[in-house]
Amino acid sequence: MGLSVEYPITRPFGSRWFAPVTYTLAFLLLVVLVVVNTALAGYETVTVFSDSYNATHPLWFHKFLVTQKPEPGTLCDSKLFNVGDTFTTNYSIFQWQVEYIAVANVASSGFAYKGTPLDGCDVTSIYVDGDMTGWNMDVTGVMTCKPTDGSYEFTARSSYSISALAGNYHPILGVTGVANPRVATSTPRGDVRPLLINAAAQTAALDVADRIEARLTTQASTSPVRLSAALELPWCPQVSAGAACSTKPPTFTIQELDAVYSNTSLVQATNDDLDYRNPLVVDMYPPMANLIQIVYAGFRVDLGISSPNNILTQEGAWKSTLNTTFPATSTLPAVDSKLAHFLSKPSDFGIPSNSIPLSTSGSAEIRVVYPCKFQQRKKTGSAIIAVISATSAMFTAAWGVFIVVAATFAKRAPRSNECLHQCDCIDRSSPDSNRLSRPPMTSRPTSEQKSFVSSV
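Residues numbered from 1 in each chain as written. Predicted model: local features only at pLDDT ≥ 70, side-chain atom pairs only at ≥ 80, totals over all residues. Heavy atoms only, no water.

S.K.: Lay out the overall build of the protein in plain terms, naming residues and giving numbers.
M.R.: Helix and strand counts for the protein come out as seven helices and 16 strands. The buried share of the protein, reckoned over its 456 residues, is 38%. For the protein, the proportion of contacts with a sequence separation of at least 24, taken over those separated by at least 6, is 65%. With the model as given, the accessible surface of the protein reaches about 25800 Å², and the carbon-plus-sulfur share is 56%. (Helix = DSSP H or I, 4+ residues; strand = E, 2+ residues; numbered from the N terminus. Buried < 20%, exposed > 50% of the residue type's maximum accessible area, 1.4 Å probe, protein only. Contact = heavy atoms within 4.5 Å. Areas by Shrake-Rupley, 256 points an atom, 1.4 Å probe, with all protein chains shown as cover.)

S.K.: Could you give me a rundown of unusual backbone geometry, with the residues and numbers involved?
M.R.: Negative phi is the rule for most residues except glycine; trans is the rule for most peptide bonds. Cis peptide bonds are those with omega within 30 degrees of zero, and the linkage from I356 to P357 qualifies with 5°. Take P357: it is sitting in the loop between helix 5 (338–344) and strand 14 (370–377). The phi angle at S92 is positive, at roughly 55°, despite the residue not being glycine. Secondary-structure assignment places S92 in the loop between strand 3 (86–88) and strand 4 (95–103). Of note, T264 is a non-glycine position whose phi angle comes to about 70°, a positive value. Position of T264 relative to the elements: it lies in the loop between strand 10 (253–261) and strand 11 (266–270). On the basis of relative accessibility, which here comes to 66%, the residue T264 falls in the exposed class.

S.K.: Would you mind going over the pattern of salt bridges in detail, with residue names and values included?
M.R.: Under the defined criterion, the tally for this structure stands at eight salt bridges. The salt bridge involving R300 is made with D122; its shortest N-O contact spans 3.0 Å. In this pair, R300 sits in helix 4 (residues 279–302) while D122 sits in strand 6 (residues 121–131), placing the two residues 178 residues apart along the sequence. Like D122, R300 is buried. (Salt bridge = Lys/Arg side-chain N within 4 Å of Asp/Glu carboxyl O.)

S.K.: Tell me about helix 6 (residues 380–410), and name the residues and values.
M.R.: For helix 6, with 31 residues, the first-to-last C-alpha span of 44 Å sits near the 45 Å given by 1.5 Å per residue. Of all the residues in helix 6, the buried ones are A383, A386, V387, T391 and A406. Lining the buried residues of helix 6 we find helix 1 (18–41). (Expected span 1.5 Å × (residues − 1).)

S.K.: Residues and numbers for the sheet that holds strand 11, please.
M.R.: Taking strand neighbours across the sheet as the criterion, the eight strands line up as 3-4-8-7-6-9-10-11 in an open arrangement whose pairing is antiparallel. Of all the strands in the sheet, the pair left with one neighbour each is strand 3 and strand 11. Geometrically, the sheet is characterised by an average inter-axis angle of 20° between neighbouring strands, direction not taken into account. Bridge count for strand 7 (residues 136–145) against strand 8 (residues 153–163) is 10 bridges, and the pairing is antiparallel. Across the sheet, residue V142 finds its bridge partner in strand 8, namely R157. The sheet strands contacting helix 2 (residues 192–218) are strand 7, strand 8 and strand 9 (224–232), and the helix crosses strand 9 at an angle near 135°. Helix-sheet contacts for helix 4 involve strand 4, strand 6, strand 7, strand 8, strand 9 and strand 10, and the interaxial angle to strand 6 is about 135°. (Pairing = 2+ DSSP bridges. Axes fitted to C-alpha atoms, helices over the stretch in contact; angles between N-to-C directions.)

S.K.: Mind laying out the state of the cysteines, listing which residues take part and the relevant values?
M.R.: Throughout the structure, instances matching the rule amount to three disulfides. Paired by a disulfide, C76 and C372 hold their sulfur atoms 1.9 Å apart. The sign of the S-S torsion, about 95°, decides the handedness of the disulfide formed by C76 and C372: right-handed. Here C372 lies in strand 14 and C76 lies in the loop between strand 1 (43–50) and strand 2 (79–81), a separation of 296 residues in the sequence. Disulfide pairing is shown between C236 and C245; the S-S distance is 2.1 Å. Of note, the bridge from C236 to C245 carries an S-S torsion of about 75° and is right-handed in sense. With a relative accessible area of 1%, C236 lands in the buried category. Judged by relative accessible area, which is 26%, C245 ranks as partly exposed. (Disulfide = S-S within 2.5 Å.)

S.K.: Could you give an account of the packing of aromatic side chains, with specific residues and numbers?
M.R.: Going through the model one piece at a time under the given rule, you end up with 22 aromatic pairs. Taken together, a centroid distance of 5.8 Å and an interplanar angle of 50° make the contact between W60 and F64 tilted. Exposure remark for W60: the relative accessible area of 38% places this residue in the partly exposed category. Where F87 meets F154, the ring centres are 6.2 Å apart and the plane angle is 80°; that geometry is what we call edge-to-face. In this pair, F87 is assigned in strand 3 and F154 in strand 8, connecting sequence segments 67 residues apart. Put simply, the rings of F18, Y23, F395, W399 and F402 touch in pairs and so form one group of aromatic residues. Over the ring of F81 we find K79; its NZ or CZ atom is 5.8 Å from the centre of that ring. A cation over a ring is seen here: K146 above W235, with NZ or CZ 5.0 Å from the ring centre. (Phe/Tyr/Trp six-rings, centres within 6.5 Å; stacked < 30°, edge-to-face > 60°. Lys NZ or Arg CZ within 6 Å of the ring centre and 35° of its normal.)

S.K.: How would you summarise the packing of helix 1 against helix 6 if you had to cite specific residues and measurements?
M.R.: Angle between the axes and distance between the axes: these two values describe a pair of packed helices. Where helix 1 contacts helix 6, the two axes come as close as 9 Å, and the packing angle between them is 145°. Note that helix 1 runs across helix 6; the crossing there is right-handed. The segment helix 1 lies against helix 6, with F18, T22, Y23, A26, L29, L30, L33, V34, N37, T38 and A41 engaging A386, V387, A390, T391, M394, F395, A398, W399, F402 and A406. The residue inventory of the contact of helix 1 with helix 6, partitioned by class, reads 17 nonpolar, four polar and no charged. (Left-handed = near helix turned anticlockwise from the far one by under 90°. Nonpolar A, V, L, I, M, F, W, Y, C, P; charged D, E, K, R; others polar.)

S.K.: Give me a nonpolar patch on the surface: which residues, what numbers.
M.R.: Together, W17, V21, L25, F27, L28, V31, V35, W60 and F64 make up a nonpolar patch on the protein surface, roughly 890 Å² of accessible area in all. Position of W60 among the secondary structure elements: in the loop between strand 1 and strand 2. (Patch = residues over 30% accessible without salt bridge, like charges linked within 9 Å, V, L, I, M, F, W, Y side chains within 5 Å.)

S.K.: Talk me through the side chain of S50; I want residue IDs and the actual numbers.
M.R.: Looking at where S50 falls in the secondary structure, it is placed in strand 1. Residue classification places S50 among the buried residues on the basis of a relative accessible area of 13%. A distance of 3.1 Å separates a polar side-chain atom of S50 from the backbone nitrogen of S52. Those residues in contact with S50 that lie beyond four places of it in its chain are A55, V368, V369, Y370 and C372. (Polar contact = N/O pair within 3.5 Å; in protein donor to acceptor, adjacent residues only side chain to side chain.)

Structural data, given as structure tokens:
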């Protein structure tokens with residue numbers, strides 16, 4: 001048998017309701033497919049930057065396409081930190097630098113941050129280096145972060161200088177926008193917290209400088225021109241609220257105290273051999289302790305720690321923590337603390353009276369800009385073409401499957417394969433498939449029809 005090209009013979013379905021119902025359902029399906037494909041094919045993914053890791057981007061079709069609705073924390077990429085990277089918290093008072101990563105959750109040396117509160121972080125070390133010859137005080141704080149889930153652990157440091165010299169410009173980050181941080185009385189962002197912390201630290205450093213200057217006046221040969229101290233403090237993060245370390249006045253341990261004298265001699269003392277009866281220690285310990293306490297409280301404000309013993313966030317807490325008066329010693333007379341005066345009447349120092357106590361809004365978070373994958377509608381032309389293409393493909397496939405299934409059931413009915421009209425049909429069901437089945441006649445056959453039948 002030679003090659004041939006065939007075409008199917010069609011016939012309508014028998015039920016009179018089949019066509020109206022089919023076309024109605026087809027129209028409804030077409031509408032549904034257009035809506036669905038508008039959501040699936042009419043939008044494209046773009047990168048948008050957000051300051052929240054849990055940012056979401058609700059769209060109109062999320063109301064009925066529940067599976068397409070994004071969950072918080074699924075659209076944005078985490079921020080990777082390595083040793084040496086810098087960051088600020090959402091309070092933006094200090095700038096911190098990652099110093100050491102004890103537990104990494106990215107490879108072997110980094111950690112991924114996903115916007116979790118720093119409620120497991122606290123300042124555990126403070127370093128103070130005061131140089132009277134340069135009228136400068138360098139301060140460094142080290143915080144240790146141990147999240148409650150244990151996913152990572154790191155330490156970070158922050159440093160700034162308190163100086164009376166115009167060229168020594170290393171102020172607290174929160175007041176860098178002020179023309180002269182040493183005498184500023186306002187900040188462009190309207191946040192008084194960096195300004196007050198900076199002014200309080202300057203006042204405490206002035207107490208230390210005055211005490212050293214008084215000793216140099218009366219005891220020049222036995223008075224240092226430079227003091228340097230390393231201290232450790234207990235780890236008492238925000239999650240430790242209610243513990244003794246958060247309710248009682250903060251304590252610290254002097255790991256080492258060094259003094260440099262005018263003849264360049266150096267005297268060093270560790271905690272084990274530090275003599276608290278030494279006249280120098282007796283004279284300098286009260287103002288140094290005040291400086292450490294105010295620096296410690298300032299760093300903790302930047303971490304959002306508003307514990308009952310934070311002297312900057314709790315009304316009157318400083319009265320039971322600071323030395324309000326430096327007692328008379330064998331070499332120096334008694335004198336009132338300038339820091340205590342500052343905290344009791346900040347208006348005398350150019351700070352609004354209602355600034356103390358400072359307020360916090362909870363545990364701090366690292367201020368990060370996250371790249372997020374959001375859905376954005378395509379340009380009109382591209383969106384129309386994409387929706388039409390997707391809808392056409394889906395509808396054509398659905399229509400083909402429906403006709404095949406419907407025809408399968410229709411062919412099961414009796415006489416479903418008989419011809420409905422007066423035509424020449426091959427009766428494939430008879431033993432002699434080459435015979436032509438005679439269609440029923442409603443009138444007397446003509447002579448031509450009789451001749452045709454006889455010949456068959």
